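# Structural features, examined
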Amino acid sequence: QVQLVESGGGSVQAGGSLRLSCAASGRTFSRRAMGWFRQTPGKEREFVAGISWSGGLTYMYYGDSVRGRFTIPRGDAENTVYLQMNSLKPEDTAIYYCAASLQSVRSTRKDDYDYWGQGTQVTVSS
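Residues numbered from 1 in each chain as written. Predicted model: local features only at pLDDT ≥ 70, side-chain atom pairs only at ≥ 80, totals over all residues. Heavy atoms only, no water.

### Considering the sheet that holds strand 8 (residues 80-85)
The sheet built from 4 strands is open, its strands ordered 1-3-8-7 with antiparallel pairing. Both edges of this open sheet fall to strand 1 (3-7) and strand 7 (70-71), since each of them pairs with a single strand only. Bridge count between strand 1 and strand 3 (residues 18-25): 5 bridges; the pairing is antiparallel. Each bridged residue has a counterpart across the sheet, and for Gln-3 the counterpart in strand 3 is Ser-25. (Pairing = 2+ DSSP bridges. Helix = DSSP H or I, 4+ residues; strand = E, 2+ residues; numbered from the N terminus.)

Structure below.
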């Protein structure tokens, strides 16, 4: 059974940093794709960042609202990804979800991801 577990959420002041972690178990995603999405009440789940592996290459890609502030370094452990969030803004406040795809896709669409974590709350105060 595939399970994704996020950790590292919390509260921070604007301009601060947080680092989220996602550990996947039950299946290897090292040659596929993993990503981060976020959601606030009443809004669609928004793509934040993704990492995928294809042809021996690693691709990282970001949503427009976080590019230049967030990064998605590959974790040291197999099936672990992080989301490093710097220069946080109040509008970054959301529940953040880790997702994993069975395909090597560089996708920003939530429908292209097959497995999801339970989410972790990030709150940024002004």
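### Side note on the state of the cysteines
Scanning the entire structure with this criterion turns up 1 disulfide. Shown here is the disulfide that connects Cys-22 with Cys-98, its sulfur atoms set 2.0 Å apart. Around the S-S axis, the bridge from Cys-22 to Cys-98 shows a dihedral of about -75° and counts as left-handed. Taken as a pair, Cys-22 in strand 3 and Cys-98 in strand 9 (residues 94-101) lie far apart in primary sequence, 76 residues in all. We note that Cys-22, like Cys-98, is buried. (Disulfide = S-S within 2.5 Å. Buried < 20%, exposed > 50% of the residue type's maximum accessible area, 1.4 Å probe, protein only.)

### Regarding the environment of Gly-9
For Gly-9, the location among the structural elements is in the loop between strand 1 and strand 2 (10-13). Accessibility expressed as a relative area gives 33% for Gly-9, which makes it partly exposed. Counting along the chain gives 85 residues from Gly-9 to Ala-94, while the straight-line C-alpha distance between them is 9.9 Å.

### Description of the packing of aromatic side chains
Aromatic ring pairs: the centre-centre distance and the angle between the two ring planes describe each pair. This structure, assessed with the given rule, holds 5 aromatic pairs. On the basis of an interplanar angle of 75° and a centroid distance of 5.5 Å, the ring pair of Phe-37 and Phe-47 is categorised as edge-to-face. Separated by 10 residues along the polypeptide, Phe-37 in strand 4 (residues 33-39) and Phe-47 in strand 5 (residues 46-54) bring together distant segments of the chain. Grouping residues by exposure puts Phe-37 and Phe-47 together as buried. Here the aromatic residues Phe-37, Phe-47, Tyr-61, Tyr-113 and Trp-116 are joined through ring pairs into a cluster of three or more. Over the face of the ring belonging to Tyr-97 we find Arg-45, whose NZ or CZ atom lies 3.7 Å from the ring centre. Above the ring of Tyr-59, the side-chain terminus of Arg-106 is found at 3.8 Å from the ring centroid. (Phe/Tyr/Trp six-rings, centres within 6.5 Å; stacked < 30°, edge-to-face > 60°. Lys NZ or Arg CZ within 6 Å of the ring centre and 35° of its normal.)

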